[in-house]
Structures are given as structure tokens and as C-alpha cells.
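Listed below, chain by chain, are the residues.
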Amino acid sequence: MAFASRVVLSDLNLDIADGDFITIVGLSGCGKTTLLNLVAGLLQPTSGTITVDGAPIKGPGPARAVVFQDAALLPWRTVLRNVELGLEMQRRYPKDEVRERALRHIEMVGLKEFANDYPHQLSGGMRQRVNLARALVAEPDVLLMDEPFAALDAHTRETMGDELLRIWQQSRKTVLFITHSADEAIMLSDRIIAMGKPLHGIIADLKVGLPRPRSVEIRGMPRFAELSLQIRSLLAQASGSGKGASQP
Amino acid sequence: MADVTATAKTAPWTISRTGVKLLGMMVPLLIWEVASRSGLVNSVFLPPLTRALLSALVLPVESPLDFLTTGAEILVALIVTGLGGVAIGVVLGRNETIDALLGGLIWFLYAAPVVVFTTLFIVLFGVGPTVPICLGILSGIIFVIASTRDGVREVGAELINVGRVFGARRLELPLKIIIPAAIPMIMAGLRVGVGRVLVGVIVGEFFAAGSGIGYLIVKYGNDLDSARVYASVLWVIVVSLVLNFVFARIERSFVTWRAV
């Protein structure tokens, strides 16, 4: 995959099974956002193919819904109307059913009382819940999340992670999640793809192997520490600094 | 412990700010009335204020057709300027090639005083409402186009990607996402454009209409009926103020969702 004259991803081969929760961890500039945008269909590869269920992707669509970082809600629409956006342009359901589904998903993310508020009245964490509800209401095959919690404070970030898992348990969608944080990756996913410097591609493909549902005790398990250390040293090596990676 | 109370010295009467403003307006008006009535200034050039005001009150009843004509011309010009300007602005903002191609023409419209097209329009369209309407549109549309284009260009890529991901079709992306996102800038352009449209229409009526308030100004000027000239001018000012006020209200209601 090349931007202008710069190759960003090269020789990348990745297979993701249905129902997996996969995280991509990596350094800045390693191409993880590019990878997500490729899977979303927002970018087209300069060579190679991306297929979902065997069919190549031609462009973006609600089947590969994206949960963006903070600034992705339409500020002139209420929470309800924002979530409805996930369905209204697909013309799959009539208006009243779209509304009903939107309300159901708003309740699912715990924002029932805020359905008629505007994004600027909500906190960052609440806005991300709306982002999530909007992506889920679209009934995607794959849920793509590009560092969705990066703009939140540490505590909210953890809470949102728990929320995400709680909601995910109900539907078990395939999730591709991008993060900077090794610990967040371990906490959330089944499989962690580590990416190194640009063009180095995937440097590790790790099975998490921790029991679900993930509770806070998971952090005390030896396997957690083992993975955490492993990922950090991999990334540190990749960045060539030799010191422990500055990962939260 | 002693209680200390401070009492501000107040004047026996106070004038509020509005009061001062009103007083400020009254003074030149008074001077006007006195200067004219006393013969200090030739009443052909400056009729007494009271006579001008009286004339203004009567004018719509005297010449209803002219008022209707001007009103209709302004309405048509505003609609075309608004819809056309926004549409063109969106296209320019979204399409780099077209923007580059038409950029020169836009600059030309910005720079040229539109009034110079009057003679050309008279030749093309003849005397009648078309010339004021066209002049009005040409005067105002450039501001709507320019600010719409800029507003559209500034719409964040993330919002556009949101539209793309959730299945926005060709017309849905601009209508549901891009234009709403650019509304603040579009509104600013419309506000300026509205004033210019009014000027364009009136100036067009000076030269090329058989009727309208602008035409009345010229006609009564030629007749040396200065009271009616001032009356007509006053009505133009009233229309301008009303348009401005309505616009500011519309603009404010649109921008309430803006994050702090």
C-alpha cells in the first residue's frame, strides 16, 4: 500500500476468523490506521486484495462499520439522530423501525436519558458510546475501531473497555481494534497483532489465551504480565530504542 | 465592631445607554427639521424631516405596484443567489479540477464592480425586472459561493468518512453531512450576500426598470420632488434593516449546536 510515493504497508498477510476480537498494537507510523482504513474500504490497496467472506472489498460500507476517534459525531444532530445515521441511509428498514432500533442501541450503551441531547453536551466517554451505538445499529459483519478510547482519560478508558466487552459478549461480532496500549490490547482481545516500524509489517501474532469474561482480576494473572512484557519488548526492539517501550 | 455601609452617591436622575443613543439620534434629526424649515438649507435638497416621513408613510399606498415589483425582484434574486450560490460553492469546494478551472472567473466577479454590467444587461434583456434581478444576483452570489466553498473545504475528513462508511449515496453526502457541517460559513456568506443583492436590485432599478422603488428614486429625483425621494430612500433602508434582522435571527438559530 503506497501513499503518493511512499510505501506504507508491504507484504502483509492476515487472516481473521469470524467472531474473533483482534487487536493491532504498534508504534506510531507503523501503518495500523492505514490497515484499518484498507479493511474499511476507505482506502484502496495499490496492490493485493482484501476480502471479507471471500468477496473483495470495493469501498466503505456499513457492513464494515467504523468507530472513529472523538470528533465523528454530527454536532447538529441529537444522540438519537446520530445513531439513526447508522441505518437511515441504508434504506433497509422503515423510519419507525430505524428509530426503535436506534433507541434500543442507545439503551444498550447506557445512554437512554441522553437520547435527545447534543454531542457538545456529552463527555468524551459518552460520545464514544454514541459512536459505538451508531456502528452497532448498522449490524456490521466486522466492527473496526481505530483507537476509539485514545482521547479519554485513563479511568474512563478502562470503563469503556469493560463496557465494550459487555456489549460485545452479546453479539460476538468480529472486531478489529487498534490501540497504542499493550495492556488494553491484552485486556480486550483474543489475538494480538504487533506491528513494528513502517514496512516491517507484522512482527508478532500472539494468542492471548485468557479466560472470558475478562474481569479486573485478569490483570493479576501471570499470563497477563507475560504478554505485557512480551509485547513491550517486541515494540521496543522494533523501535530500535533498546529501552522499555513507552507504552501505557 | 462597627458596621460600615457605603452609600453610592446617585444623581437624582440617570440616563440609560439606550436613552443616550436615542438622544444622539434625535439631535441630527432636529437639526435637519430646523435647518430645512427655516430656509437655512434649500428645501429642494433637504425637505423637512416631517414632510419626508409623511411622504414615506403614504408612498406604499400611492405606488403599490412599485413596492410589489421591488419585493418580487428581491425575492427572486435572493432565492437564486442562495440556492445557486450554495450549490456552486459545494461543487467548487468538493472538486479540485472545477475549482481550478473556474477560480479565475470567481476572482473576476469579486474584483469587478458589478454595476458595469448594467448596460450589457439592458441590451440583452431590455428594460424591465430582469436587469435588476440579474444585477442583484451577480452582486451577491459571489459572496455565497466563496464562503460556501471555503466552508465545504474545511469539513473534516472524519465526518466525510462517517458518511461514506454508513452508506451515503451521491447526493446524501453533501446534503446530510457536508452542507450542514459548513452551515456557519455558508450563513456568514449569505448574510453579506443578502445586503449586496439588495443594492444590486435597487441600482438595476435606477437604470433599467420601468418600476420599483429604485425607479421611484430616480423619477422623483428628476421631478425635484425631494420629499418623495427621501421617502423612497427611507424605504430602501427599512427593507435593508428588515432583511438584516431576519437573517441574523436565522443565522443564530442555526448555530446553536456549535460546541463551545
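Residues numbered from 1 in each chain as written. Chains lettered and ligands numbered in written order. Predicted model: local features only at pLDDT ≥ 70, side-chain atom pairs only at ≥ 80, totals over all residues.

**A closer look at the overall build of chain B**
Phase 1 of the analysis: Helix and strand counts for chain B come out as ten helices and zero strands.
Phase 2 of the analysis: Overall, chain B shows an N-to-C arrangement of helices and strands of α-α-α-α-α-α-α-α-α-α.
Phase 3 of the analysis: A compact globule built from 260 residues would reach a C-alpha radius of gyration of about 18 Å, whereas chain B, at 25 Å, exceeds it by more than 25%.
Phase 4 of the analysis: Each principal axis of the C-alpha distribution contributes one length, and for chain B these read about 90 × 75 × 30 Å.
Phase 5 of the analysis: Looking at chain B as a whole, 36% of its 260 residues are labelled buried.
Phase 6 of the analysis: Within chain B, residue pairs in contact and separated by at least 24 positions form 75% of the contacts whose partners lie at least 6 positions apart. (Helix = DSSP H or I, 4+ residues; strand = E, 2+ residues; numbered from the N terminus. Rg over C-alpha atoms; globule rule 2.2 N^0.38 Å. Buried ≥ 20, exposed ≤ 12 C-beta atoms within 10 Å, placed from the backbone. Contact = placed C-beta atoms within 7 Å.)

**A short note on the overall build of chain A**
Phase 1 of the analysis: On a plain count of helices and strands, chain A comes out with seven helices and ten strands.
Phase 2 of the analysis: Taking 248 residues into account, the globule formula puts the C-alpha radius of gyration at 18 Å, and chain A, at 18 Å, falls close to it.
Phase 3 of the analysis: With the C-alpha coordinates of chain A rotated into their principal frame, the extents come out at 55 × 45 × 30 Å.
Phase 4 of the analysis: Burial analysis of chain A (248 residues in total) assigns 38% to the buried set.
Phase 5 of the analysis: Restricting to contacts in chain A with at least 6 residues of sequence separation, those with at least 24 account for 67%.

**Quick look at the packing of helix 7 (residues 157–165) of chain B against helix 8 (residues 172–208) of chain B**
Residue and element names in this part refer to chain B.
Phase 1 of the analysis: The N-to-C vectors of helix 7 and helix 8 enclose an angle of 165°; their axes lie 10 Å apart at closest approach. Relative to helix 8, helix 7 is oriented roughly antiparallel. Note on packing geometry: the crossing formed by helix 7 with helix 8 is right-handed. Residues Leu159, Ile160 and Gly163 of helix 7 form the contact with helix 8, whose participating residues are Leu173, Lys176, Ile177 and Ala181. (Axes fitted to C-alpha atoms, helices over the stretch in contact; angles between N-to-C directions. Parallel < 35°, antiparallel > 145°, perpendicular 65-115°, else oblique. Left-handed = near helix turned anticlockwise from the far one by under 90°.)

**What about the packing of helix 5 (residues 118–125) of chain B against helix 6 (residues 130–153) of chain B?**
Residue and element names in this part refer to chain B.
Phase 1 of the analysis: Two elements in contact, helix 5 and helix 6, have axes whose closest approach is 9 Å; the angle formed by their N-to-C orientations is 135°. When the axes of helix 5 and helix 6 are compared, the pair comes out oblique. Between helix 5 and helix 6 lies a crossing whose hand is right-handed. Here Thr118, Phe121, Ile122 and Phe125 of helix 5 come into contact with helix 6, specifically with Thr130, Val131, Cys134 and Leu135.
Phase 2 of the analysis: Grouping the amino acids of the contact of helix 5 with helix 6 by side-chain chemistry returns six nonpolar, two polar and no charged. (Nonpolar A, V, L, I, M, F, W, Y, C, P; charged D, E, K, R; others polar.)

**Points about the domain arrangement of chain A**
All names here are of chain A.
Phase 1 of the analysis: As far as domains go, chain A holds domain 1 (6–63 + 140–242) and domain 2 (74–139).
Phase 2 of the analysis: Computed over C-alpha atoms only, the centres of domain 1 and domain 2 are separated by 25 Å.
Phase 3 of the analysis: Listed per partner, the contact involves twelve residues of domain 1 and twelve residues of domain 2.
Phase 4 of the analysis: Its residues assigned to classes, the side of domain 1 that touches domain 2 comprises ten nonpolar, two polar and no charged. (Domains from an automatic or database assignment.)

**A closer look at the sheet that holds strand 7 (residues 142–146) of chain A**
One key point about sheets: their strands pair by backbone hydrogen bonds, in either a parallel or an antiparallel sense.
Residue and element names in this part refer to chain A.
Phase 1 of the analysis: Across the sheet, which stays open at both edges, the six strands sit in the order 6-7-8-3-9-10 with mixed pairing between neighbours. Only two strands of the sheet have a single partner each, and these edge strands are strand 6 (64–67) and strand 10 (202–207). For this sheet, the mean angle separating the axes of adjacent strands, direction not counted, is 20°.
Phase 2 of the analysis: Pairing of strand 3 (residues 21–26) with strand 9 (residues 191–195) involves five bridges; the strand directions are parallel. Residue pairing in the sheet places isoleucine 24 in a bridge with isoleucine 193 of strand 9. (Pairing = 2+ DSSP bridges.)

**Observations regarding the nonpolar core**
Taken as a class, soluble globular proteins show a tendency for nonpolar side chains to be buried jointly.
Phase 1 of the analysis: In this structure, A:Leu144 and B:Ala182 are the most contacted members of the largest nonpolar core, which totals 118 residues.
Phase 2 of the analysis: Among the elements that take part in this core, helix 8 of chain B stands out by supplying 16 residues, more than any other.
Phase 3 of the analysis: Formed jointly, this core draws a minimum of three residues from each of two domains, domain 1 (6–63 + 140–242) and domain 2 (74–139) of chain A. (Core = buried A, V, L, I, M, F, W, Y, C linked by C-beta atoms within 7 Å.)

**Describing the interface of chain A and chain B**
Phase 1 of the analysis: Taken together, the contact pairs 20 residues of chain A with 18 residues of chain B.
Phase 2 of the analysis: Secondary structure elements with two or more residues in the side of chain A that touches chain B: strand 6 and helix 2 (79–88) of chain A.
Phase 3 of the analysis: Tallied by class, residues from the side of chain A that touches chain B come to 16 nonpolar, four polar and no charged.

**Here's the deal with the pairing of strand 9 of chain A**
Residue and element names in this part refer to chain A.
Phase 1 of the analysis: With respect to burial, strand 9 is a largely interior element, four of its five residues being buried.
Phase 2 of the analysis: Relative to strand 10, strand 9 runs antiparallel, the two being bridged by five bridges. Considered in strand 10, the bridge of alanine 194 is made with alanine 204.

**A few points about helix 1 (residues 32–40) of chain A**
Phase 1 of the analysis: Among all positions of helix 1 of chain A, only A:Lys32, A:Leu35, A:Leu36, A:Leu38 and A:Ala40 are buried.
Phase 2 of the analysis: Positive phi shows up at A:Gly41, right after helix 1 of chain A, with a value of about 90°.

**Quick look at the environment of B:Leu57**
Residues and elements named next belong to chain B.
Phase 1 of the analysis: Relative to the elements of secondary structure, leucine 57 occurs in helix 2 (residues 49–62).
Phase 2 of the analysis: The class of leucine 57 is exposed, set by 10 C-beta atoms lying within 10 Å.
Phase 3 of the analysis: Taking the C-alpha atoms as reference points, leucine 57 and tryptophan 235, 178 residues apart in sequence, are found 9.3 Å from one another.

**Brief notes about the pairing of strand 6 of chain A**
Residue and element names in this part refer to chain A.
Phase 1 of the analysis: Burial of the side chains of strand 6 extends over both faces: Arg64 and Val66 are buried on one face and Ala65 and Val67 on the other.
Phase 2 of the analysis: In the sheet, strand 6 pairs with strand 7 via four bridges, with the strands oriented parallel. Residue valine 67 lies in a different strand from strand 7, and its bridge partner there is methionine 145.

**Topic: helix 6 of chain B**
Residue and element names in this part refer to chain B.
Phase 1 of the analysis: Here helix 6 contains 24 residues, and its C-alpha end-to-end distance of 33 Å stays within 8% of the 34 Å for a straight helix at 1.5 Å per residue.
Phase 2 of the analysis: If you look at helix 6, its biggest bend is around 35°, right at glycine 140.
Phase 3 of the analysis: Most of helix 6 sits inside the fold, with 21 of its 24 residues counted as buried. (Expected span 1.5 Å × (residues − 1). Bend = angle between axes of the 7 residues up to and from the residue.)

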